[in-house]
Amino acid sequence: MRAMGDPGRARRRLPLLGAGAVVAAVTGALGWATTDQLERDNDFCNACHLEPGVPLHLEIRRDFDAWPPTSLAAGHAAAFLGRDAAEEFRCIDCHGGVSALGRARVKALAAGDAFWYVVGQFEEPEGMDWRLWDEDCRQCHENFDETEPLGWRSPQFHQLAVHNVELGVDCVECHRAHAGGEASKHFLGVAWVRTQCARCHSEFEEDDG
């Protein structure tokens, strides 16, 4: 006959488990709040070094700070030049997540990156593991068919309702933030956008013949 466990031992473990849960909750909350403050500084996003003297995302940061702007990200940063430091445009304004779920997934990805960096297995990513959601763009660009808060005028493309809220294509599938482009074309890569148009418009499909 199997001996029954010691009820007293189980009761003694409960306070330890409770204390562990409290410590985990407090540590998690402090970590969340601390990273919220750190990520507001663009330099923090480049703070990790994969090689001595070579900051993380070096090329992306050079593009972001470029003048005149040659990408959508740089165009956003340039729109805030000369403003108060509290109003400057930061990496986290796009990459921070908007909803609770969006914030949670950003924190989860950052925690994973931090772990692999600490154990020496982190590599410069070639692209985003989890691309931006439309909500990340719509926090500033809610209505594409009207003059926007910063005085930008949306192109006629978005004045069609079907191209505005019923497109079925994520914002970042056309608007690639760090790819080079011309300001006169809203930093859109024409050849790239045509491939997205071809999803609905056969006239944009490449002729295989």
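Residues numbered from 1 in each chain as written. Predicted model: local features only at pLDDT ≥ 70, side-chain atom pairs only at ≥ 80, totals over all residues. Heavy atoms only, no water.

Caption draft 1: Looking closely at helix α4 (residues 72–79). The element α4 is extensively covered by neighbouring structure, given that 7 of its 8 residues are classed as buried. The set of residues buried in α4 consists of L72, A73, A74, G75, H76, A77 and A78. Contacts made by the buried residues of α4 are with α3 (58–64). (Buried < 20%, exposed > 50% of the residue type's maximum accessible area, 1.4 Å probe, protein only. Helix = DSSP H or I, 4+ residues; strand = E, 2+ residues; numbered from the N terminus. Contact = heavy atoms within 4.5 Å.)

Caption draft 2: Molecular detail of the state of the cysteines. Enumeration over the complete set of coordinates arrives at 0 disulfides. Its sulfur unpaired, C137 is 4.2 Å from the next cysteine sulfur, which belongs to C171. Cysteine C140 is unpaired, with the sulfur of C94 as its nearest cysteine sulfur at 7.4 Å. (Disulfide = S-S within 2.5 Å.)

Caption draft 3: Spotlight on the pattern of salt bridges. Tallied over the full model, the rule gives 8 salt bridges. Its salt-bridge partner being R62, residue E59 comes within 3.2 Å of it at the nearest N-O pair. Residue E59 and its partner R62 are located together in helix α3, separated by 3 residues, close to a single helical turn. The structure contains a network of salt bridges with shared partners spanning R131, D170, E173 and R199. (Salt bridge = Lys/Arg side-chain N within 4 Å of Asp/Glu carboxyl O.)

Caption draft 4: Structural context of the environment of G181. Tracing the backbone through its elements, the reader meets G181 in the loop between α9 (171–174) and α10 (190–197). Accessibility expressed as a relative area gives 24% for G181, which makes it partly exposed. Sequence separation between G181 and L72 is 109 residues, and the spatial gap between their C-alpha atoms is 7.6 Å. Ignoring sequence-local partners within four residues, the contact set of G181 consists of T70 and F187.

Caption draft 5: Representation of the packing of aromatic side chains. This structure, assessed with the given rule, holds 4 aromatic pairs. One aromatic cluster is present, built from ring pairs that chain together F64, F80 and F89. The ring of W192 carries R176 above its face, with NZ or CZ at 4.3 Å from the centroid. (Phe/Tyr/Trp six-rings, centres within 6.5 Å; stacked < 30°, edge-to-face > 60°. Lys NZ or Arg CZ within 6 Å of the ring centre and 35° of its normal.)

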